[in-house]
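Coordinates in review
Given next are the chains, with one letter for each unit.
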Amino acid sequence: MDTLILAAAEEGPVNPVLPHTSEIILGLVAFLLLFFVIKKFVSPRFEALYAERTAKIEGGIEKAEQAQAEAQRTLEQYKEQLAEARAEAARIRDDARAEGLQIVEELREQAQAESARIVAQGQHQLDAQRAQIVAELRADLGRTAVELASKVVGESLEDESRRRGTVDRFLNELDAVAAPASK
């Protein structure tokens, strides 16, 4: 080691900033070797990774655009279906309203027919009761007329045919008098 120090001291003054020529050559060879390795192996690997990542990003963007376009188409379909559903609901509501009006009209007609039937049945019953009452009144009136006539005339109207003839004649006269008054 002493010899080395002595050999270095014999060379003369050394510039501390400037390295030795052998170090410069060795550094240059090492740099070129490192540059070659980086250029040959590392740089292509980085380029491949960069290209792959770029493709993934572009593919992701493309997929996102496709997904957005699909979402837009789905939204349009949804809006169309919603519009169709609203139109269908409006049509159903209108049909139900028309059907309701038709049912109300049918029920009204049935009620009017039932009312007319009840009125006709009541009228028929009234006519029957009226005829019955008229018949009873005629019979009572006939008896009363016969009694009064027997008292006034003083003769007995016991004979059935005479009594019937007298009552019928009296009732006919009474009907003749009542008919012009009712008109």
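Scroll up to find the structure this text is about.
These remarks concern the structure in this document. This structure is a prediction, so every number in the text was calculated from the model and none was measured.

Turning to the overall build of the protein chain, a few remarks are in order. The helix and strand tally for the protein chain stands at three helices and zero strands. Taken from N to C terminus, the helices and strands of the protein chain fall in the order α-α-α. Looking at the protein chain as a whole, 3% of its 183 residues are labelled buried. Just so you have it, the protein chain exposes about 16,200 Å², and 61% of that area is on carbon and sulfur atoms.

Our focus in this paragraph is the packing of aromatic side chains. Summed over all chains, the structure comprises one aromatic pair. Residues Phe31 and Phe35 carry aromatic rings whose centres are separated by 6.3 Å and whose planes lie at 25° to one another, so their mutual orientation is stacked. On the criterion of helical spacing, the pair formed by Phe31 and Phe35 is a turn pair, its members being four residues apart in helix 2 (residues 21-153).

There is a patch of nonpolar side chains on the surface, built from Leu33, Leu34, Phe36, Val37, Ile38, Phe41, Val42, Phe46 and Leu49 and spanning about 870 Å² of accessible area. Residue placement: Leu34 occurs in helix 2.

So, how was this worked out
- Residues numbered from 1 in each chain as written.
- Predicted model: local features only at pLDDT ≥ 70, side-chain atom pairs only at ≥ 80, totals over all residues.
- Heavy atoms only, no water.
- Helix = DSSP H or I, 4+ residues; strand = E, 2+ residues; numbered from the N terminus.
- Buried < 20%, exposed > 50% of the residue type's maximum accessible area, 1.4 Å probe, protein only.
- Areas by Shrake-Rupley, 256 points an atom, 1.4 Å probe, with all protein chains shown as cover.
- Phe/Tyr/Trp six-rings, centres within 6.5 Å; stacked < 30°, edge-to-face > 60°.
- Patch = residues over 30% accessible without salt bridge, like charges linked within 9 Å, V, L, I, M, F, W, Y side chains within 5 Å.
- Salt bridge = Lys/Arg side-chain N within 4 Å of Asp/Glu carboxyl O.

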